Amino acid sequence: MSVSLVSNGYLEDMSSKIKLKPVPWEGYQRGGVITPEEHALIKKIDRQPKAKTESLLLSDGQTYAHLYLGLLKKVQRLDTMQYILVLVADALADHDERIPLFTRTVESDPELPYTPLTRALDMQDEFLQLKAAQILTVLLCAEVRPLGPSQLHHFLGTLATMVQSNSPNKHDVGVQCLEALLARPECRQAVWAVPGIIAGLVEILKHKQGPQMCYQVAFCFWLLTFEQNIAEEINKKFDIIPLLTTVAQNAVKEKVIRVIIATFRNLVSKAPRQNLPAMLVAQLLPFVKNLSGRKWTDEDIIEDVQYLRDELAANFQSLTTYDEYTSELASGHLSWSPVHESDDFWKENATKLNEKDYGQLKTLLQLLSDSRDPVVLAVAVHDIGQYVKHYERGKKIINDLGAKRRVMELMSHSDPDVRYRALVSVQQLVSQPWITV
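The rules behind the values
Residues numbered from 1 in each chain as written. Predicted model: local features only at pLDDT ≥ 70, side-chain atom pairs only at ≥ 80, totals over all residues. Heavy atoms only, no water. Helix = DSSP H or I, 4+ residues; strand = E, 2+ residues; numbered from the N terminus. Buried < 20%, exposed > 50% of the residue type's maximum accessible area, 1.4 Å probe, protein only. Polar contact = N/O pair within 3.5 Å; in protein donor to acceptor, adjacent residues only side chain to side chain. Contact = heavy atoms within 4.5 Å. Phe/Tyr/Trp six-rings, centres within 6.5 Å; stacked < 30°, edge-to-face > 60°. Lys NZ or Arg CZ within 6 Å of the ring centre and 35° of its normal. Axes fitted to C-alpha atoms, helices over the stretch in contact; angles between N-to-C directions. Parallel < 35°, antiparallel > 145°, perpendicular 65-115°, else oblique. Left-handed = near helix turned anticlockwise from the far one by under 90°. Nonpolar A, V, L, I, M, F, W, Y, C, P; charged D, E, K, R; others polar.

Caption draft 1: Examining the environment of Thr35 more closely. By the secondary structure assignment, Thr35 is in the loop between helix H2 (25-30) and helix H3 (36-45). Overall, the relative accessible area of 30% leaves Thr35 in the partly exposed class. When the C-alpha atoms of Thr35 and Arg419 are compared, they prove to be 73 Å apart, with 384 residues separating the residues in sequence.

Caption draft 2: Geometry of the side chain of Gln176. With respect to the secondary-structure elements, Gln176 resides in helix H10 (residues 168-181). Gln176 sits in the buried class, given a relative accessible area of 9%. For Gln176, the side chain forms a polar contact with the side chain of Asp172, separated by 2.9 Å. Beyond its immediate stretch of four places on either side in the chain, Gln176 contacts Leu5, Val6, Ser7 and Gln216.

Caption draft 3: Spotlight on the packing of aromatic side chains. Counting across every chain of the model gives 13 aromatic pairs. An angle of 55° between the planes, with centres 5.3 Å apart, marks the rings of Phe219 and Trp222 as tilted. One end of the pair, Phe219, and the other, Trp222, are both in helix H13 (residues 211-224), three residues apart, so they sit about a helical turn from each other. Classification of Trp222 as partly exposed rests on a relative accessible area of 24%. Between Tyr325 and Trp346 the ring centres are 5.6 Å apart and the planes differ by 80°, which places this aromatic pair in the edge-to-face class. Residue Tyr325 is located in helix H20 (residues 321-331), and its partner Trp346 is located in helix H21 (residues 343-349); the two are separated by 21 residues in the primary sequence. Just as Tyr325 is buried, Trp346 falls in that class too. Grouping aromatic residues by their ring pairs yields a cluster made of Tyr215, Phe219, Trp222 and Phe226. Over the face of the ring belonging to Tyr215 we find Lys255, whose NZ or CZ atom lies 4.8 Å from the ring centre.

Caption draft 4: A look at the packing of H10 against helix H12 (residues 195-206). Packing of H10 against H12 brings their axes to within 12 Å, and their N-to-C directions diverge by 125°. With respect to H12, the axis of H10 lies oblique. Two packed elements cross with a definite hand, and for H10 against H12 that hand is left-handed. Between H10 and H12, the contacting residues are His171, Val175 and Leu178 on the first element and Ile197, Leu201 and Ile204 on the second. Here the contact of H10 with H12 is composed, by residue class, of five nonpolar, one polar and no charged.

The following block contains the structure:
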């Protein structure tokens, strides 16, 4: 559990440059910022050869842990704060046994070790923020006791900002911090309570990242889906199943496919009812069948692929055509599958949308209201026209549910297919006879 847990080229390069810059420790002592004792201690280690530094940390590590964090708490200058963080990271690098030296500082000062590090997160300096995040992750992951909200809340808010930023370095460090923290169950629930983190991870994946970043983000999802409540809700809220399926289909590295398949296994084993329909709609079954015929170096992926194939195949065999339609509705991913344009399907099934207090119809109307995907909107508005065409009271129900206005609005949508499908549906709404109760 060393600083290498979170590694980044920018941090390493900047750390090397920061070590070469002099720090005005004498000025800090004259100004009363640091004590003569603190000045004497820091001068012993400041810009000294590594061998001497290691010797001092070996003989007096606890004193220097207190010193570094105490100085970080006092100073205001960004360049000095940068230097102190580099000293902390160097002390921890390849020395896991020194981590307790820093976590134990709380025994003499309740603000240590986390308050000064958290303050560094708020500074308008990318290096300070990322270096503090690196060190915080190492210390938090090493805590023996479960982490509480007070220790995590501020840091997770910063990680949400990092994974949603446009900075590749912030993406890199933020995702690595999350990978490490999510190994702890209490951190999974805390991360889940910050929607911006999950949304940021989803956006990173959508922008066709390289294999390593795809693997790291998928690894975060894998860890999250060990929690029952998260496995039940994550696809409904963030639509990760079709996204992860696409990433896996395009992946060239075995480890990317392996972690995504393991994530899918978690989703199926923890929450089959919530996730199997979306997997079938995402065409995961033919993809998994294809995977089962490949040669793999990792035995775990063979077992996970077999498990997924069996579960998906069993679920697929039990589906009726209408089940497929409702699965597609539940997934939120409507596409031009054959059922939508089949008159026979609508003649047979239009009234089924009314069951359970118009449950399926309301789901369809919700997609019409909420989706920004032109294909989903085109299919949804088409389906409403089919419902009205094949169910004589459909016009009144659509009107009573307040959807007629939305259908008419879509006639001016920017996408030509949405406009056309909306026009045809409006014609159905206007031409069908009004049936009263």
